[in-house]
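Results of the structural survey
So the chains spell out like this:
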Amino acid sequence: MALTLDQLNAAAPDEALRLLDGLYEHSPWVVQRALAQRPFATLAALQWALVQSLAAATRDEQLGLIRAHPELAGKAMVANTLTAESTGEQSRAGLTHCTPDEFAQLQRLNADYNARFGFPFILAVRGPRGSGLTRQQIIAAFERRLGNPVDFEREEALRNIHRIAEIRLGDKFGVEPELGHRVWDWHEALAQHSDPGFKEQGQLTVTYLTDAHQACQRELMARMRESGFDEVGIDAVGNVVGVYHSAQEAGFAAGPPQGETAPSGGSEPREAGSVGAMRLLTGSHFDTVRNGGKYDGRLGIFVPIACVERLHRAGRRLPFGIEVVGFAEEEGQRYKATFLGSGALTGHFNPAWLDQTDADGIRMQDAMRAAGLPGTLDAIAALRRDPARYLGFVEVHIEQGPVLNEMGLPLGVVTSINASVRHVGEVIGMASHAGTTPMDRRRDAACAVAELALYLEQRAAQDGDSVATMGLLQVPGGSINVVPGRCAFSLDLRAPTDAQRDALERDVLAQLSAICERRGLGHRLERTMIAAAAPSAPDWQARWERAVAALGLPVHRMPSGAGHDAMKLHEVMPQAMLFVRGENSGISHNPLESTTSHDIELCVLAFEHLLNGL
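Here goes a summary of the coordinates provided. (Residues numbered from 1 in each chain as written. Predicted model: local features only at pLDDT ≥ 70, side-chain atom pairs only at ≥ 80, totals over all residues. Heavy atoms only, no water.)

1. Focus on the overall build of the protein
Put simply, the rule reads: Numbered from the N terminus, helices here are DSSP runs of H or I no shorter than four residues, and strands are runs of E no shorter than two. In this analysis, two residues are considered to be in contact whenever any of their non-hydrogen atoms come within 4.5 Å of each other. Charge convention: Lys and Arg are scored as positive, Asp and Glu as negative, and His as well as the terminal groups of each chain are ignored. Taken as the charge location is NZ of Lys, CZ of Arg, CG of Asp or CD of Glu.
Within the protein, the regular secondary structure consists of 22 helices and 16 strands. Its C-alpha atoms give the protein principal-axis dimensions of roughly 80 × 70 × 45 Å. Look at the contacts in the protein between residues 6 or more apart in sequence, and 76% of them connect residues 24 or more apart. The centroid of the 58 positive side-chain charges in the protein is displaced by 2 Å from the centroid of its 75 negative side-chain charges.

Okay, here's the thing in C-alpha cells:
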C-alpha cells in the first residue's frame, strides 16, 4: 500500500525514517535531518527538505554518500550485492544485459573515472522521464562527464543522487507525474521534425517556414484541437494560435483571434468589447537554434496547452479566455528578424524584413507565400493585438542557465528580462613579419582585442547579474607568421536595468578607446542591437510567486539573462515569466538541454494555480 504524507507526518521519528528507507544509498542521515522539518504539505516540500539536508552536510559527509553508491555495471552488480532499489534501476536501464564490448567499456570508464575523481560515477539511470536511459545514453554521459572539473563533478554527482531519490520517493508514495510525462512526450514527438542536413544526423533544427517548421505547425494545431481549444489556426506570419473561450464567450458564436484569418469551419469575428472578451495571452516560440534543444520555447507552448486540456476534460470555463500562441520565429536563424512572431502581435513587424534573403537567396516574402501565407504588410499589420482586450501575458520557459539546477530548485520567478546591447567591430593595426618585428614595435590588433576580452570579464563581474561576452573573434586573412593587422570581434552586453547596461557599455567602449590609443591602433564599432529591460509587472510576478509557494516550494526570484518573447509583449501589456530548472547544469541551445517530467508537472500545476487565482 502506498505511503501518504499524512502517515509520514504523523509517524514517530524512527518509524518515519523506516518509511523512507532506501531513498539514499546506505545513508539514512540525509532523511533523518530532513524529517526535522515535518510536517510536509507536499511531496515537493519534502524533496526540498532533502535537498537542504544534503546541502548543509559537510564535504566528508557528501563524499561518503557518493561513495556509498555502487558502480554502474560494476563489481556489486556482478556479485549480486546491490540494494533492491539499485538492482531495479540498473536492470531497467539494461545494464544487466550488456554486450561483452559494452561491459568492457563500462569497466574501463569506471576505472578512469575513479582514478580522476576518487568516487564512483553516479547517474540517475531512470532518466528525465523516469522510464530509463539506454545503455548508449549512459555511456555517452559517462564519457562526457569524465572531462568535468573535480569540484563540479562532485556537485553533479549529488544532483544525480537527488534525482534518484526523487524517483524513489514517487515509488514509495505511489505517485507518477502523469501530467509531466504527457507534456514530456509531446516534446519528444515535436522534436521528430527537423530541417534537412540536421535530421539525418539526429540533430534538432527548425527554422522559419521550412518543411519541418510547417510540420511543427500542423502538429501543434492537432495538439490544440485534441486538447479542447475552441479556435485553432495559423496567422499571417505563421504563428499557431489557439483560443479556449471564457465562460461567457462559450455561449456566443466564436470567431478567430483579433487580426487572424478564421480556420476552416470558423465563424464570423465577435464584436470587440463583448461580454467575456478579455483574455490571458500566453505562449512561446517553436523555432530553434541550429542543433538546439527540445525545450527552449516549446515548454511555454505545451504547458498552457496541458492546462487547457485539463479544463476541457473537467468541463470547466474560466471568467476569461485563454489564448496560446506558438510563435513562429524568435531565434533569427533563417532570417535576421528576431522576435518576428511576437513582434507582429505588438505591431512591430519591420517591413524591410520581407525583402531579406536567406542563405539560399530566398526572400522572406516568397517563403511566406510558398508556405500559404499572404505575405502582405496589410495582413501582418492586422495581427496587432488590442492590449485593452488582454489581462496580460505570461510565459513559461526553461531557465537556460545553471542557477536553479545548482540550487536544487525546480522553479524560479523572473523579476526582469535583462537589457542588452550588441556591437560588431574591428581593431586596425599593422600586419608585419612575426620574426623580424620587435615586441615593442608591434601594432598587434589581436592582442588589443584580447586585452579587451579580459576587461569584459573583470568589468561585468563588478555588477550584480551583468554579463559581457565576446562571441566572435577573428583575424581576417591571418597567417601563422604574421603579426595580426586586423581583428574583428563582437560585443554582447547585458544587465538587469537599462542604466546598468548603459554604464557597462560606456566603460567597455572607453576601455576599447584607451587600449587602442595606448597601442597606436585604430578601431571601428557598430551598434547592431539594443533592447530595453523588461521588468515583470509586480502583480503578475506576485501571482507566479503565490503559485510556486502553493506547491510547498520556496520562492526564488531571478533575472533572465536571455531574451524572450515576453520582452516584445512587455511593450504593450503587463508580463511575467516562470522559469523551469534544466538538467545537465541547465545547458541550453544544445542537444543536452533537458528537464524532468517531475519539474514539468510542477510547472503545469503552478500555471493552473495562476489561472485559478485569476
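2. Observations regarding unusual backbone geometry
Let me state the cut-off plainly: For the exposure calls, accessible area comes from a 1.4 Å probe over protein chains only, and a residue counts as buried if that area is under 20% of its type's maximum, exposed if over 50%, partly exposed in between.
Omega for the peptide link from Arg 38 to Pro 39 comes to 0 degrees, which places this bond in the cis form. Relative to the elements of secondary structure, Pro 39 occurs in the loop between α3 (29-34) and α4 (43-55). Residues other than glycine seldom take positive phi values, yet Leu 209 does so here, at roughly 65 degrees. With respect to the helices, strands and loops of the structure, Leu 209 is situated in the loop between α11 (178-190) and α12 (211-226). For Leu 209, a relative accessible area of 6% puts it in the buried group. At Ser 585, a position not held by glycine, the phi torsion is positive, near 65 degrees. Position of Ser 585 relative to the elements: it lies in the loop between β16 (575-580) and α22 (597-613). Owing to a relative accessible area of 18%, Ser 585 belongs among the buried residues under this scheme.

3. Focus on the nonpolar core
We apply this condition: As used here, the term nonpolar core means buried Ala, Val, Leu, Ile, Met, Phe, Trp, Tyr and Cys residues forming a set that is joined through side-chain atoms within 4.5 Å.
Membership of the largest hydrophobic core comes to 100 residues, with the highest contact counts inside it found for Tyr 208, Met 364, Met 368, Leu 411 and Trp 544. Here the element with the most residues in this core is helix α13 (residues 299-313); it accounts for 9 residues.

4. Here's the deal with the packing of helix α8 (residues 100-117) against helix α9 (residues 135-145)
Where we set the bar: Note on method: axes are straight lines fitted to C-alpha atoms, helices fitted across the in-contact stretch only, with angles between N-to-C directions ranging 0 to 180 degrees. Angle categories are assigned with fixed cut-offs, so that under 35 degrees is roughly parallel, over 145 is roughly antiparallel, 65 to 115 is roughly perpendicular, and the rest are oblique. With the far helix as reference, a near helix turned anticlockwise by less than a right angle produces a left-handed crossing, and one turned clockwise produces a right-handed crossing.
Put simply, α8 and α9 touch, their axes get as near as 10 Å, and they point 25 degrees apart. On the basis of their axis angle, the class for α8 and α9 is roughly parallel. Viewed along their axes, α8 and α9 form a crossing whose handedness is left-handed. The segment α8 lies against α9, with Glu 102, Gln 105, Leu 106, Leu 109, Asn 110, Tyr 113 and Phe 117 engaging Arg 135, Gln 136, Ile 139, Phe 142, Glu 143 and Arg 145.

5. A short note on helix α20 (residues 538-550)
Since there are 3.6 residues in each turn of an α-helix, residues three or four apart along the chain are aligned in direction. Our working rule: An expected span of 1.5 Å times one less than the residue number is assigned to each helix. Comment: arc refers to directions from the helix axis out to C-beta atoms.
Look at α20: 18 Å from first C-alpha to last across 13 residues, which is about the 18 Å you get at 1.5 Å a residue. Taken residue by residue, α20 has Trp 540, Gln 541, Trp 544, Glu 545, Ala 547 and Val 548 as its buried positions. One side of α20 holds all its buried residues, which, seen down the axis, span an arc of 160 degrees. Residues of α20 that are buried make contact with β3 (279-285), β5 (390-398), β6 (411-417), β15 (557-560), β16 and α22. The positive-phi residue at the C-terminal boundary of α20 is Gly 552, with phi of around 85 degrees.

6. Quick notes on the environment of Pro 128
One can find Pro 128 in the loop between α8 and α9. For the pair formed by Pro 128 and Val 482, sequence separation is 354 residues and the distance between their alpha carbons is 51 Å.

7. Some words on the packing of aromatic side chains
Spelled out, the test is: Aromatic pairs are defined between Phe, Tyr and Trp rings, using the six-membered ring for Trp, whenever the two ring centres lie within 6.5 Å; interplanar angles under 30 degrees are classed as stacked, those over 60 as edge-to-face, and all others as tilted. Think of it as a cone above the ring: NZ of Lys or CZ of Arg counts as a charge over the ring if it is within 6 Å of the ring centre and within 35 degrees of the ring normal.
In the structure shown here, the tally under the stated rule is 11 aromatic pairs. Summarising the aromatic geometry, the rings of Phe 117 and Phe 119 are spaced 5.8 Å apart at their centres and angled 25 degrees between planes, so their arrangement reads as stacked. The exposure classification of Phe 117 matches that of Phe 119, with both residues buried. The structure contains a cluster of three or more aromatic residues connected by ring pairs, namely Tyr 113, Phe 117, Phe 119, Phe 121 and Phe 142. Arg 159 extends its terminal NZ or CZ atom over the ring of Phe 152, reaching a point 5.6 Å from the ring centre. We note Arg 543 situated over the ring of Trp 540; from NZ or CZ to the ring centre the distance is 4.4 Å.

8. Observations regarding the pairing of strand β7 (residues 419-428)
The following threshold applies: Strand pairing is assigned whenever DSSP detects at least two bridges linking the two strands.
The element β7 is largely enclosed, with a buried count of 7 among its 10 residues. Note: β7 against strand β12 (residues 486-495), 10 bridges, orientation antiparallel. Residue pairing for β12: Ile 428 is matched across the bridge by Arg 486. Strand direction decides the pairing type here: β7 and strand β13 (residues 522-531), joined by 9 bridges, are antiparallel. By the bridge assignment, His 423 is partnered in β13 with Arg 527.

9. Here's the deal with the packing of α12 against α13
Taken N-terminus to C-terminus, the directions of α12 and α13 make an angle of 20 degrees; their axes are 9 Å apart at the nearest point. Taken together, α12 and α13 sit at an angle that is classed as roughly parallel. Here α12 and α13 pass one another in a crossing that is left-handed. Across from Leu 220, Arg 223 and Met 224 in α12, the residues of α13 making contact are Ile 301, Phe 302 and Ile 305.

10. Thoughts on the pattern of salt bridges
For the record, the criterion: The rule for a salt bridge is simple: a side-chain nitrogen of Lys or Arg has to be within 4 Å of a carboxyl oxygen of Asp or Glu.
Inspection of every chain in the model, using the stated rule, returns 40 salt bridges. Lys 294 serves as the salt-bridge partner of Glu 188, at 3.0 Å between the closest nitrogen and oxygen. Of this pair, Glu 188 sits in helix α11 while Lys 294 sits in the loop between β3 and α13, and the two are 106 residues apart along the sequence. On the accessibility criterion, Glu 188 (22% relative accessible area) is partly exposed.

11. Structural notes on the pairing of strand β4 (residues 321-327)
Quick reminder of the rule: Convention used here: a crossover is right-handed provided that the path from the first strand, over the helix, to the second strand proceeds clockwise when the strands point away from the viewer.
Counted residue by residue, β4 has 7 buried out of 7 residues, so it is predominantly covered. Every second residue of β4 is oriented toward a common face, with Gly 321, Glu 323, Val 325 and Phe 327 on one face and Ile 322, Val 324 and Gly 326 on the other, all of them buried. The pairing of strand β2 (residues 240-244) with β4 spans 5 bridges and is antiparallel. Paired with Tyr 244 across the bridge in β4 is Ile 322. In terms of handedness, the path from β3 via α13 over to β4 forms a crossover that is right-handed.

12. Focus: α11
Here α11 spans 19 Å end to end across 13 residues, near enough to the 18 Å set by a 1.5 Å rise per residue. Among all positions of α11, only Leu 179, Gly 180, His 181, Val 183, Trp 184, Trp 186, His 187 and Leu 190 are buried. Looking at the buried residues of α11, the elements they touch are α12, α13 and α22.

13. Focus: the environment of Ala 84
Among the structural elements, Ala 84 can be located in helix α7 (residues 84-92). For Ala 84, a relative accessible area of 65% translates into the label exposed. Note: C-alpha distance between Ala 84 and Ala 56 (28 residues apart in sequence) is 28 Å.

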